[in-house]
Amino acid sequence: PTATATATPKPIPTIIPTPIEYQAASGDGHRTLWVMFAIMLASSGVFAVSSWNVPVSKRIFYVTTTLTAIIASLSYFALASGQAISYNCINVRDSHENVPDTFHDVCRQVYWARYVDWALTTPLLLLNLCLLAGVDGAHTLMAIAANVIMILSGLFSAFGTTGTAQKWGWYTIACASYVFVIWHVALHGARMSDAKGARVSKLFTWMAVFTFALWSVYPVVWAVADGARKINVDKEILIYAILDALAKPVFGVWLIISHRAMADTNIDLEGYWSHG
Ligand code: RET
């Protein structure tokens, strides 16, 4: 017998894969996404039809409002059909008595189509407010730029690694941009809208209060659901669904009905790039 035949075989190392716990939507969350797709699609149709006989010179609010609903339908279609969903995993330490600590990954769904939707639609919603108040082009552009930075920073934060500067670093950048948006649109807009008379000014004030009260809920929900993972994915879908329905169709109906009833909301583009 040769030496190799009698030697005890080396143990084959066993590779224990890191166990993974998934945090994903169930049937309920899934149904909510389809319902939202239907609501946004129906809203797109209603807004498009309501713009039918409106002269082109007065159609801008209809165009922006219809577009926000169309973009939201596309985003909800992607999510409901299972697309544009990725996972962000956190490695969690499990302590045991008498045995060494083990680790497992907690992987939560990130619905990144939302950020594509928000990056395109929140600028349109801000444009509505700015046009209503008579905010000039330069301030409108700055607000929209800060808004895009806010949403993209939120996306980077959603995929950031917990425990590094990524997660809360990007979140802080997003919040700072949001403060800039409020300052340029709500505060500056309130001053500008005075020039358009008491009725428009009052409408602007209410629409701006509604908008920023509502928008401020997004970063809170995000921090609790996406950041701290204290709300499950189904509830997160439901809360964003309610917020999105208020921010797009409800806001849109309010804007269009008021605009129809008030001639002084007509947009005057004279001096759009020159006064400040
Ligand atoms: C994030 C996370 C990072 C910090 C901040 C956020 C703000 C998001 C907002 C979203 C608004 C969405 C709307 C959608 C309409 O359907 C990205 C959640 C500040 C304000 C109005």
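All values derive from a computational prediction rather than experimental measurement. (Residues numbered from 1 in each chain as written. Predicted model: local features only at pLDDT ≥ 70, side-chain atom pairs only at ≥ 80, totals over all residues. Heavy atoms only, no water.)

> Looking at this structure, I do not really get the packing of helix α5 (residues 137–158) against helix α6 (residues 165–193). What am I missing?
Helix-helix packing: each pair is described by the crossing angle between the helix axes and the interaxial distance. Relative to each other, α5 and α6 sit at 160°, their axes nearing to 8 Å. Relative to α6, the element α5 lies roughly antiparallel. Note on packing geometry: the crossing formed by α5 with α6 is left-handed. Across the contact of α5 with α6, the residue classes tally to 15 nonpolar, nine polar and one charged. (Axes fitted to C-alpha atoms, helices over the stretch in contact; angles between N-to-C directions. Helix = DSSP H or I, 4+ residues; strand = E, 2+ residues; numbered from the N terminus. Parallel < 35°, antiparallel > 145°, perpendicular 65-115°, else oblique. Left-handed = near helix turned anticlockwise from the far one by under 90°. Nonpolar A, V, L, I, M, F, W, Y, C, P; charged D, E, K, R; others polar.)

> I tried to follow the pattern of salt bridges on my own but got confused; where do I start?
Here the idea is simple: oppositely charged side chains can pair when their charged atoms come close. The tally for this structure, following the rule as stated, stands at five salt bridges. Put simply, R199 and D264 hold a salt bridge, and the shortest N to O gap is 3.7 Å. Taken together, the residues R199 in helix α7 (residues 198–215) and D264 in the segment after α9 (233–261) connect sequence positions 65 residues apart. Assessed through its relative accessible area of 48%, R199 is described here as partly exposed. (Salt bridge = Lys/Arg side-chain N within 4 Å of Asp/Glu carboxyl O. Buried < 20%, exposed > 50% of the residue type's maximum accessible area, 1.4 Å probe, protein only.)

> Help me out: how do you make sense of the sheet that holds strand β3 (residues 102–111) in this one?
Strand pairing within a sheet occurs via backbone hydrogen bonds; the two strands may be parallel or antiparallel. Here three strands make up an open sheet; going across it, the order is β1-β3-β2 and the pairing mixed. Looking along the sheet, the strands with just one partner apiece sit at the ends: β1 (20–23) and β2 (85–94). Sheet twist, expressed as the average angle between the axes of neighbouring strands with direction ignored, equals 25°. Sheet analysis places β1 next to β3, joined by four bridges and oriented parallel. Looking across to β3, one finds that Q23 is bridged to R108. (Pairing = 2+ DSSP bridges.)

> It is not clear to me how the site of the ligand should be interpreted in this structure. Could you clarify?
Around the ligand sit 14 residues, and of these A174, W215, Y218, D244 and K248 come closest. One of the side-chain nitrogen or oxygen atoms of D244 is found 3.3 Å away from an oxygen atom of the ligand. The contact in question runs from an oxygen atom of the ligand to an N or O atom on the side chain of K248, over 2.6 Å. Coverage of the ligand by the protein amounts to 100% of the 540 Å² it exposes when considered alone. With respect to the pocket detection grid, the ligand is positioned in the largest cavity. When its residues are assigned to classes, the shell around the ligand shows ten nonpolar, two polar and two charged. (Near = heavy atom within 4 Å. Polar contact = N/O pair within 3.5 Å; in protein donor to acceptor, adjacent residues only side chain to side chain. Areas by Shrake-Rupley, 256 points an atom, 1.4 Å probe, with all protein chains shown as cover. 1 Å grid on protein atoms, 1.4 Å probe; cavity = no way out; pocket = protein on both sides within 12 Å on 5 of 7 lines; lining within 4 Å. Sits in = over half its atoms within 2 Å of the grid points.)

> Just checking my understanding: could you explain the nonpolar core for this structure?
The nonpolar side chains of a soluble globular protein tend to be buried with one another. Counting residues in hydrophobic clusters, the biggest one holds 46 residues, and the most contacted among them are Y115, L132, V185 and F212. Looking at this core, the elements that each hand over two or more residues are α4 (113–133), α5, α6, α7, α8 (217–227) and α9. Grouped together as the second largest cluster of nonpolar side chains are 15 residues, A78, Y111, V233 and I237 included. (Core = buried A, V, L, I, M, F, W, Y, C linked by side-chain atoms within 4.5 Å.)

> Looking at this structure, how should I read the environment of I151?
Here I151 is to be found in helix α5. Judged by relative accessible area, which is 6%, I151 ranks as buried.

> How do you make sense of empty space enclosed by the protein when you look at a structure like this?
Leftover empty space is mapped by rolling, across the atoms, a probe with the size of a water molecule. Enumeration over the complete set of coordinates arrives at three cavities of 30 Å³ or more. Counted as a void, the largest cavity has a volume near 360 Å³. Lining the largest cavity are 20 residues, with W118, M150, I151, Y218 and P219 sitting closest to its centre. Every element with two or more residues in the lining of the largest cavity is listed here: α4, α5, α6, α8 and α9. For the lining of the largest cavity, the element with the highest residue contribution is α4, accounting for five residues. When its residues are assigned to classes, the lining of the largest cavity shows 15 nonpolar, three polar and two charged. (Points joined across faces, edges and corners; volume = space filled by probe spheres on them.)

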